[in-house]
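Chain by chain, the residues:
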Amino acid sequence: MSSAGLASAQDMAEEALSLAKADDCMVVVTERSEANLRWASNSLTTNGEMRSRRVAVISIVDGGSGAAAGTVSRSGSPDLADLVAASEQAARDAGPAEDAMPLISEATGGDWSAPPDATSIEVFSSFAPDLGAAFGEAVAGGRLLFGFAEHIVESTFLASSTGLRLRHDQPTGRVELNGKSLDFSRSVWAGAATQDFSDISVTSMTDEIATKLAWSERRVDLEPGRYETLLPPSTVADLMIYMYYTGQARDADEGQTVFSKKGGGNRIGDALTEKPLTMRSDPGAPGLQAAGHLVTTSSSPYASVFDNGLALPAIDWIRDGVLTNLIQTRSWAAKTGASAAPYVDNLIMEGPDGAGPSTQELVATTERGLLLTTLWYIREVDPQTLLLTGLTRDGVFLVENGEVTASVNNFRFNESPVDLLARVTEIGRTERCLPREWNDYFTRTAMPTLRIPDFNMSSVSPAS
Amino acid sequence: MQQIDPSFTDLPLRPLADAALSRARELGCTHADIRVERLRTQNISLRDARLESATDGEDAGLAVRVVHEGTWGFAAGMALTTKEADRLAEQAVAVARVSAAINTDPVELAPEPAYPDATYVSSYEIDPFTVPDPDKIALLIDWSERLMSADGVEHVQTAVMLAKDQKFYADLTGTSTIQQRVRVHPQLTAVAVDRASGAFETMRTLAPPAARGWEYLTGDLVDWTGELAEIPELLRGKIKAPSVPAGRYDLIVDPSNLFLTIHESIGHATELDRALGYEAAYAGTSFATIDKLGKLKYGSPLMNVTGDRNDEYGLASIGYDDEGVAAQQWDIVKDGILVGYQLDRNMARLKGFGRSNGCAYADSPGHVPVQRMANVSLQPDPDGPTTGEMIAGVERGIYVVGDKSWSIDMQRYNFQFTGQRFYKIESGRLAGQLRDVAYQATTTDFWGSMSVVGGPSTYVLGGAFNCGKAQPGQVAAVSHGCPSALFDGVNILNTVTEGGR
C-alpha cells in the first residue's frame, strides 16, 4: 500500500493486465509527487504539496483489418475492470491504426518491484530558510525578489501483455529568481534546473541578481535594428527546443515544415550551418538523465503507443552542422525506409567537445553588442522558415569594448532558429541551463552561448 | 436543464468536507476550504481523415487550502476518503508552517455571503460523454473527407477537445457548492503544399470553442457545411495571394481575430495579481497598475469592456468561483478609461475593493486557486455598422479574419499577431487575400486608434481552451465577446522581410 492508502502501482498494473481480454494490452501507471514554493515582492504567495496517480490502459484489438488501439486513463484508484473494458471498447471503436506495429516485447529497465520515489515539501528544508534570509537582504538592499521553486518526482511503470515490466523514476526541479528595483523599472533573472535541490545555492543566485541589477543602473535606449548579440544558454535552449519540437519527420516528409525538402522528402543530410555544431539528446547525459525507454498513452508523429518500451538511444539531431535525424515513430520510419528516431526528454547543443569560451570570455571579446538574459512569449510567425517572434526579458545589456556598460530597453525579435544556426559566428562552452519560456515542459538542457552578428530586433518593447 | 451527474453527487462529498474542515478548525485555521473535483476530458485527433488518437481521461481528487497564522497552506491528494481529507488538512497546515519563514503579508479574505447547498450546471443539451465514440469519429471523418476531396487540399488535421468539469467546494463559513460544466472545441485545418517551390499554406475553421455540448457539432449553432465548403477556395486564394507591402494600414479586425487581441492586451493586463506583481517572474506584470485606476486612457472613448463569469455560453462562466464567490459582471474599461480589475478575495481585501468579483480558479484538484480570467468582452456599439459597412468606409486597408499566432510582452505593451486570412481593402471593397502579414502595436496606441466599433450584428463570442498562467502552470478556458472594429494606421509587417529574406 502507498501512503495514500491505495494499492501499489505495480499491483494495479498487474491486475489490469490480468483483466485484459484484448489481443494485447499495455498499462501505464504514473505516480507523481510534487512540492513548490512561489514568492513575490519578498514574500510567499502560493505553495503546495501534491500527489497524484494516473492509470492508463491501452488495448490493442485486431478485427482482421489491422490492429486498433484505445486508451482510457483515470486518476487515483479506479475500478480496473471498468477501465480495462472501456479501453477495449475504445480500441474496437477506433478502427485500424495507421501507426500499428508489432509491440515491443523485450526490454528491461529499472527495479520493477521497488516502491516509487517521492518528494515532499521537506525538499525545501534548507532552501526555504536561505530564501527567507535572501528576502531579508533584499529588503535591506532595496530590491524585490520574485520566483518559483518546484520539485517533482514521477515514477512511471509500463507493463504489457508482451512481457514488458519497465519503470523509470524522474526527478525534475527548477528554481527561477527574478530581482527588481523597488519601482519595477529594472528587472533581472537567474534560473537553474536541478534533480534534488542539493546543488542549488540561493547565495550564488542572489549574487547573479545583484550583479545584473548593478549593470542595470545605467540605462541606454536603443532603436530596433539588427545587432551583434550574445545569446546565453537559456535563450539558446528556448529557441532550440522550438526547433526540436518542429523537427519531426512526418510533417517534414509531407511538405509542412521548415525541414521539408523542395520537390518532396525532408532535409536530412542538409548542412544547416558551416560551424561544427551538434544538437543531440542522450537519456544518460550526466545531470540531465531522462527515461531510457519510450512511454506514451497517445499516438502522434512524435510517439506511437505501439512503440511503448522502445529503447531510447543517444541520438544526434544535428551532427557537425548537418541535419542528421528528425523525430519519427517506427511505423513512419518503416513507410519511408528510414530509422525510427524517438523523442528524448533532454537536449544538448555543443561545439567540438562542448568546449569553447565562457559567456564572460565572449563578452570580453565583444567590441559592441548586446548580451541577453532570457526570451519570452515565443510563437511561430511563419512555419515555412520557422520564423519565431518573442520578447527579450529581464536583462538586455550593452557590451562595449569587452565590458557590460549599461542595460538596454527590451525588444520584440523576429528570428528563425534555423537561420540563426546558419549565421552563428562563435560558439561558447556548453553549460547546463534552465530554459525560460518552456521550463514548464522542458528543463533538461545544456547549451552554449552563441554569437549572432545580426540578430533582428524588430521593435522596442517598453516593458521592464 | 441538465442535472449534475449522480455519480458525482453520490461521492461522500459532505463527509470529506466535514473531516477536512473540522480538522483545520481544530488546528487553528482562520480560513479553510476543500475542493473535490472530477475532470473528464476526451481528445480525438485525425490526420488526413484517419483517426490518429482518441484518448479519454479523468482526473479526480481533493484539495485542502488553509490560512494558518496568516499564511497560506495547500495540500492535494487523490483518495476520496475522510482519512485522506483529514491528512490533507494537517498537511496543508504543515505546508503553511514551512512557508511562514518567507511570508510577510498576512492573508485575510474579503467577506462573501455564505451559499449553503448551491448548485450550478452550464447550459448544454447533449453531454458529449454520452455520445458513442463511433458517432463522434464518423462525424469527424466525414468533415475531414469533405476537405480532403477538395482541389488543392493535400492534408487535413482534425481535432476535437471535449471536457466536463465537476466541482464540489465547501469552506468554514458554511458555503457548499456543487457545479458541473461542459465545453467543446472542434477544429479542422486544411493544408496546401506546392512541392516544386516548397511553399505551403494552411486554412483553419473559425468556429470558436464554446461552453456547449455535442449539439455544437451536430445542431444548427454553427454552419459547419458552409464553413467546410469555403475553406478549399480560401486556401487556394491564400497560396496565390501577393505578399503584403509593409507599412501603415487601416485595419478592420474580425471578431474571430479580435477576441485574442482582447485576451492578451486587456484580459491579462487587467488581472490584479499581475498589476500587483504576483505573476512578475512568470506571466508578467501589467502596465495598467493600480495607481492608474479611474485615470488610464486605455483606448478611444468608443471602448467599453466588461468582465463577467455569467455569460450563458462563456467558457469562464460558473455559478461560484473556487473561493465560494458568486459570479458577477462588472466594468473594466468604460468610455475608454480603466475602471476595474479581475480579483480574488485576498487581493480584494488587500486593495480595498470590498468584495471579490469572483475570479479565483484552479484548473485541477492538484492546483491551488489563483486569480484567473473572467470572460472579458468588448461591447458593440448599439448603433454601430455591419462589417460590410465598415469595409465600405475604408479607402486603403486590410481586413483580418481568424486568429493564428500571438505574442505580447510581459507588461502587455507590445504585441504581434497573425491571422488565418488577410484581405486587401481598396476603395471600400475587398480586393483579394494578402500573404505574409502580421500586425504589431502597443496596447494603448492600438485601442486608442479604434475609430469604429461594429454593431450588435457583428458580435461573436470567441474564446480559447488554452490560457496559461501561474506556477505550477495552470490552463483555463475563457471566452471573449466582441464586434468587428476598425483601427486607424496600424503597423503591418511583412513576415518574409522580417525573416531577412
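Anything mentioned here points back to the structure above.
None of the values given here were measured: they were computed from a predicted structure. (Residues numbered from 1 in each chain as written. Chains lettered and ligands numbered in written order. Predicted model: local features only at pLDDT ≥ 70, side-chain atom pairs only at ≥ 80, totals over all residues. Heavy atoms only, no water.)

Peer 1: Outline the overall build of chain A, supporting the account with residue identities and numerical values.
Peer 2: When helices and strands are tallied, chain A shows nine helices and 23 strands. Principal-axis analysis of the C-alpha atoms gives chain A an extent of 70 × 60 × 35 Å. Counting across all 464 residues of chain A, residues that qualify as buried make up 63%. As presented, chain A carries roughly 15,600 Å² of accessible surface, and 48% of it is formed by carbon and sulfur atoms. Looking at chain A, you have 37 positive and 61 negative side-chain charges, and the mean spots of the two groups are 4 Å apart. (Helix = DSSP H or I, 4+ residues; strand = E, 2+ residues; numbered from the N terminus. Buried < 20%, exposed > 50% of the residue type's maximum accessible area, 1.4 Å probe, protein only. Areas by Shrake-Rupley, 256 points an atom, 1.4 Å probe, with all protein chains shown as cover. Lys, Arg positive; Asp, Glu negative; His and termini not counted. Charge placed at Lys NZ, Arg CZ, Asp CG, Glu CD.)

Peer 1: Describe the overall build of chain B, with residues and values.
Peer 2: Secondary structure assignment for chain B yields twelve helices and 22 strands. Against the globule reference of 23 Å for 501 residues, chain B gives a C-alpha radius of gyration of 24 Å, in line with a compact fold. Considered along the principal axes of its C-alpha atoms, chain B spans approximately 70 × 55 × 45 Å. Put simply, chain B has 501 residues, and 66% of those count as buried. Taking the intrachain contacts of chain B between residues at least 6 apart in sequence as the baseline, contacts between residues at least 24 apart amount to 75%. As displayed, chain B offers around 16,300 Å² of accessible surface, 51% of which is attributable to carbon and sulfur atoms. Within chain B, the 65 negative side-chain charges are centred at a point lying 4 Å from the centre of the 45 positive side-chain charges. (Rg over C-alpha atoms; globule rule 2.2 N^0.38 Å. Contact = heavy atoms within 4.5 Å.)

Peer 1: Talk me through unusual backbone geometry; I want residue IDs and the actual numbers.
Peer 2: Of note, the bond from Gln471(B) into Pro472(B) is cis; its omega dihedral lies within 30 degrees of zero at 0°. When you line up the elements, Pro472(B) lands in the loop between strand 20 (460-469) and strand 21 (474-482). Of note in this structure, Asp320(A) is not a glycine but carries a positive phi near 50°. Structurally, the position occupied by Asp320(A) is in the loop between strand 11 (315-319) and strand 12 (322-323). For Ser427(B), which is not glycine, the phi torsion reads 50° and is therefore positive.

Peer 1: Explain the packing of aromatic side chains to me, and be specific about the residues and the numbers.
Peer 2: Within the structure shown, the criterion is met by 32 aromatic pairs over all chains. An angle of 50° between the planes, with centres 5.2 Å apart, marks the rings of Tyr244(A) and Trp317(A) as tilted. Here Tyr244(A) is found in helix 5 (residues 233-246), whereas its partner Trp317(A) is found in strand 11, with 73 residues between them in sequence. A residue is classified by how much of its surface remains accessible, and Tyr244(A), at 2% relative accessible area, is buried. With a relative accessible area of 2%, Trp317(A) lands in the buried category. Note on Tyr341(B) and Phe353(B): the rings are 6.4 Å apart at their centroids and 80° apart in plane angle, and the pair reads as edge-to-face. Linking Tyr341(B) in the loop between strand 11 (337-338) and helix 9 (345-350) with Phe353(B) in the loop between helix 9 and strand 12 (360-361), this pair joins segments that are twelve residues apart in sequence. In this structure Tyr341(B) comes out as buried when scored by relative accessible area, which is 1%. An aromatic cluster is present here, built from Phe415(B), Phe417(B), Tyr439(B), Phe446(B), Trp447(B) and Phe487(B) joined pairwise through their rings. Across from the ring centre of Trp376(A), 4.6 Å away, lies the NZ or CZ of Arg393(A), which sits over that ring. The ring of Trp376(A) has Arg436(A) sitting right over it, with the charged end atom 5.8 Å from the ring centre. (Phe/Tyr/Trp six-rings, centres within 6.5 Å; stacked < 30°, edge-to-face > 60°. Lys NZ or Arg CZ within 6 Å of the ring centre and 35° of its normal.)

Peer 1: I'd love a proper account of the sheet that holds strand 10 (residues 329-334) of chain B, names of residues and values included.
Peer 2: By way of backbone hydrogen bonds, the strands of a sheet pair with one another, either parallel or antiparallel. All names here are of chain B. Pairing within the open sheet is antiparallel, and its four strands lie in the order 11-10-9-14. On the outer flanks of this sheet lie strand 11 and strand 14 (375-378), each paired with one strand and no other. By the bridge criterion, four bridges tie strand 9 (residues 305-308) to strand 10 in an arrangement that is antiparallel. Counted as the bridge partner of Val305 is Val333 from strand 10. Taken strand by strand, helix 7 (residues 255-267) contacts strand 9 and strand 14, and its axis lies near 115° from that of strand 14. (Pairing = 2+ DSSP bridges. Axes fitted to C-alpha atoms, helices over the stretch in contact; angles between N-to-C directions.)

Peer 1: Quick one: what's the story with helix 3 (residues 127-141) of chain A, residue by residue and with numbers?
Peer 2: All names here are of chain A. Helix length check: helix 3 (15 residues) gives 20 Å between terminal C-alpha atoms against 21 Å at 1.5 Å per residue, within 8%. Buried positions along helix 3 lie against strand 1 (24-40), strand 2 (43-62), strand 5 (143-160), strand 6 (165-181) and helix 4 (202-215). Trailing helix 3 by a residue or two, Gly142 shows a phi angle of about 70°, which is positive. (Expected span 1.5 Å × (residues − 1).)

Peer 1: An account of empty space enclosed by the protein is requested, with residue identities and associated values reported.
Peer 2: Taken as a whole and assessed by the stated rule, the structure comprises eleven cavities of 30 Å³ or more. What the largest cavity holds in volume is close to 350 Å³. Surrounding the largest cavity, 24 residues form its lining, Thr45(A), Thr46(A), Trp72(B), Tyr278(B) and Asn346(B) being those nearest its centre. Every element with two or more residues in the lining of the largest cavity is listed here: strand 1 and strand 2 of chain A together with helix 9 and strand 13 (370-371) of chain B. Its residues assigned to classes, the lining of the largest cavity shows ten nonpolar, six polar and eight charged. (1 Å grid on protein atoms, 1.4 Å probe; cavity = no way out; pocket = protein on both sides within 12 Å on 5 of 7 lines; lining within 4 Å. Points joined across faces, edges and corners; volume = space filled by probe spheres on them. Nonpolar A, V, L, I, M, F, W, Y, C, P; charged D, E, K, R; others polar.)

Peer 1: An account of the nonpolar core is needed here, citing residue identities and associated values.
Peer 2: Among the nonpolar cores identified, the biggest contains 74 residues, and Met240(A), Met243(A), Phe259(A), Met279(A), Leu347(A) and Leu370(A) are the most heavily contacted of them. With near-sequence residues (within four places) excluded, Leu370(A) lies in contact with Leu222(A), Tyr227(A), Glu228(A), Thr229(A), Leu230(A), Val396(A), Phe397(A), Leu398(A), Val408(A), Phe411(A) and Met457(A). Ala316(B), Met373(B), Phe417(B) and Ala485(B) belong to the second-largest nonpolar core, a separate cluster that totals 64 residues. (Core = buried A, V, L, I, M, F, W, Y, C linked by side-chain atoms within 4.5 Å.)

Peer 1: Give me the lowdown on the packing of helix 2 (residues 13-26) of chain B against helix 3 (residues 82-99) of chain B, citing residues and values where you can.
Peer 2: Residues and elements named next belong to chain B. At their nearest, the axes of helix 2 and helix 3 sit 8 Å apart, and the two run at 30° to each other. As far as their axial angle goes, helix 3 and helix 2 are roughly parallel. For helix 2 against helix 3, the interelement crossing comes out right-handed. Together, Pro15, Leu16, Ala19, Ala20, Arg23 and Ala24 of helix 2 and Thr82, Ala85, Asp86, Ala89 and Glu90 of helix 3 make up the contact between the two elements. (Parallel < 35°, antiparallel > 145°, perpendicular 65-115°, else oblique. Left-handed = near helix turned anticlockwise from the far one by under 90°.)

Peer 1: Describe the interface of chain A and chain B, and please don't skip the residues or the numbers.
Peer 2: Facing the 92 residues of chain A at the interface are 88 residues of chain B. Regarding the contact of chain A and chain B, the summed buried area is about 7,300 Å², with carbon and sulfur atoms giving 50% of it. Per-residue buried area on chain A facing chain B is highest for Arg38(A), Tyr377(A) and Gln384(A); these three make up 9% of the total on that side. Between chain A and chain B we count six salt bridges in total. (Buried area = accessible area lost by both parts, 1.4 Å probe. Salt bridge = Lys/Arg side-chain N within 4 Å of Asp/Glu carboxyl O.)

Peer 1: I'd like a rundown of the side chain of Ser187(A), residues and numbers included.
Peer 2: Residue and element names in this part refer to chain A. You can see Ser187 is positioned in strand 7 (residues 187-194). Polar contacts involving the side chain of Ser187 include one to the side chain of Lys180, which spans 2.8 Å. Setting aside chain neighbours within four positions, we find Ser187 in contact with Asn178, Gly179, Lys180, Asp394, Gly395 and Ser464. (Polar contact = N/O pair within 3.5 Å; in protein donor to acceptor, adjacent residues only side chain to side chain.)

Peer 1: Summarise the sheet that holds strand 22 (residues 445-447) of chain A; cite the residues concerned and give the values.
Peer 2: All names here are of chain A. Spatially, six strands are ordered 12-11-10-13-22-21 in an open sheet, and the strand pairing comes out mixed. Sheet topology places strand 12 and strand 21 (431-433) at the edges, where each strand pairs with a single neighbour. Sheet topology note: the strand 13 (residues 347-350)/strand 22 ladder contains two bridges and is parallel. Counterpart to Leu347 in the pairing with strand 22 is Thr445. Against the sheet, helix 5 touches strand 10 (278-281), strand 11, strand 13, strand 21 and strand 22, its axis set at about 115° to strand 22.

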